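Below, each chain spelled out in residue letters.
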Amino acid sequence: MINKWIEHVIAIVGIGALLAYCFGILARYAFTWLVPDWTEEVTVYALLWGMLLAGGLLVDRERHLSAGVMHLAAPRLAPYLDRIGLVIALLFCLFLTWQGIELVRLELRLEEVSRSRLQIPLAYVYAIFPVAMAYMAYRYVIKILFTPIHARSEEHTSELQSH
């Protein structure tokens with residue numbers, strides 16, 4: 001259920017980025033007096049939010065980074081190396097969640113805003129980091145707890161051998 005919600009958010013953010021960018025191009029050439037300085041900023045922030053949120057979906061669908069070569073080099077150890085890799089990724093996501101929270105707290109104290117006319121508080125922009133990393137960490141926890149050790153490894157090895 002949460003995946004569907006995230007997919008919708010990513011779609012909305014992506015469409016928003018596209019519309020903002022297209023508006024910026026149109027305004028730059030058709031309405032030169034308008035000169036919107038915020039369109040690139042909104043586009044970058046929207047794409048950033050969408051890409052970071054997609055990370056949790058990639059983990060859930062097993063499309064995240066993994067050391068697949070280990071499956072070919074040491075097939076007997078592959079299931080355990082997979083599990084170790086998932087734990088390392090989880091720890092990394094938890095670390096980035098913590099650092100993201102610290103970054104947002106710092107930005108709330110500094111009260112920095114973006115340079116465009118929108119004056120978006122940067123704490124709001126950076127808030128995606130702890131949210132996305134916590135979601136990815138959640139997905140790694142689910143993988144670690146509920147995926148049998150041999151199931152993922154055998155599937156991954158056969159996929160690698162077919163390429």
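Look a little higher up for the structure.
Residues numbered from 1 in each chain as written. Predicted model: local features only at pLDDT ≥ 70, side-chain atom pairs only at ≥ 80, totals over all residues. Heavy atoms only, no water.

Novice: Any chance you could explain the side chain of Thr-97 here in plain terms?
Specialist: Inspection of the secondary structure assignment puts Thr-97 in helix 4 (residues 78-110). Thr-97 has contacts with Pro-130, Met-133 and Ala-134, leaving out every residue within four places of it along the chain. (Helix = DSSP H or I, 4+ residues; strand = E, 2+ residues; numbered from the N terminus. Contact = heavy atoms within 4.5 Å.)

Novice: Got a minute to help me understand the pattern of salt bridges in this structure?
Specialist: For side chains of opposite charge, pairing can occur when their charged atoms come near one another. As enumerated under the stated definition, the model contains six salt bridges in all. Here Lys-4 and Glu-7 are joined by a salt bridge, their closest N and O atoms 3.4 Å apart. With a gap of three residues between them, Lys-4 and Glu-7 both fall in helix 1 (residues 2-30), about one helical turn apart. A residue is classified by how much of its surface remains accessible, and Glu-7, at 24% relative accessible area, is partly exposed. Across the pair Glu-62 and Lys-143 runs a salt bridge whose closest N-O atoms are separated by 3.4 Å. Taken together, the residues span a long stretch of sequence, with Glu-62 in the loop between helix 2 (39-60) and helix 3 (69-73) and Lys-143 in helix 6 (residues 128-146) at a distance of 81 residues. Residue class for Glu-62 comes out partly exposed when judged on its relative accessible area of 23%. Judged by relative accessible area, which is 11%, Lys-143 ranks as buried. (Salt bridge = Lys/Arg side-chain N within 4 Å of Asp/Glu carboxyl O. Buried < 20%, exposed > 50% of the residue type's maximum accessible area, 1.4 Å probe, protein only.)

Novice: Can you help me understand helix 1 in this one?
Specialist: One turn of the α-helix equals 3.6 residues, which is why residues spaced by three or four share an orientation. Given a rise of 1.5 Å per residue, 29 residues ought to cover 42 Å, and the 41 Å separating the end C-alpha atoms of helix 1 matches this to within 8%. All buried positions along helix 1 are accounted for by Asn-3, Ile-6, Val-13, Ala-17, Ala-20, Gly-24 and Ala-27. Where helix 1 is buried, its residues touch helix 2 and helix 6. (Expected span 1.5 Å × (residues − 1).)

Novice: What is the right way to read the packing of aromatic side chains from this model?
Specialist: Given two aromatic rings, their pairing is described by the distance between the two centres and the angle made by the two planes. Per the stated rule, a full pass over the model turns up four aromatic pairs. Both rings, one in Phe-23 and one in Trp-38, keep their centres 5.8 Å apart while their planes meet at 20 degrees; by these two values the pair is stacked. With Phe-23 in helix 1 and Trp-38 in the loop between helix 1 and helix 2, this pair connects stretches of sequence that are 15 residues apart. Residue Phe-23 is classed as partly exposed on the basis of its relative accessible area, which comes to 31%. With 6.3 Å between their ring centres and 45 degrees between their planes, Tyr-126 and Phe-129 make a pair best called tilted. Take Tyr-126: its relative accessible area is 24%, and that puts it in the partly exposed class. Phe-129 sits in the partly exposed class, given a relative accessible area of 27%. (Phe/Tyr/Trp six-rings, centres within 6.5 Å; stacked < 30°, edge-to-face > 60°.)

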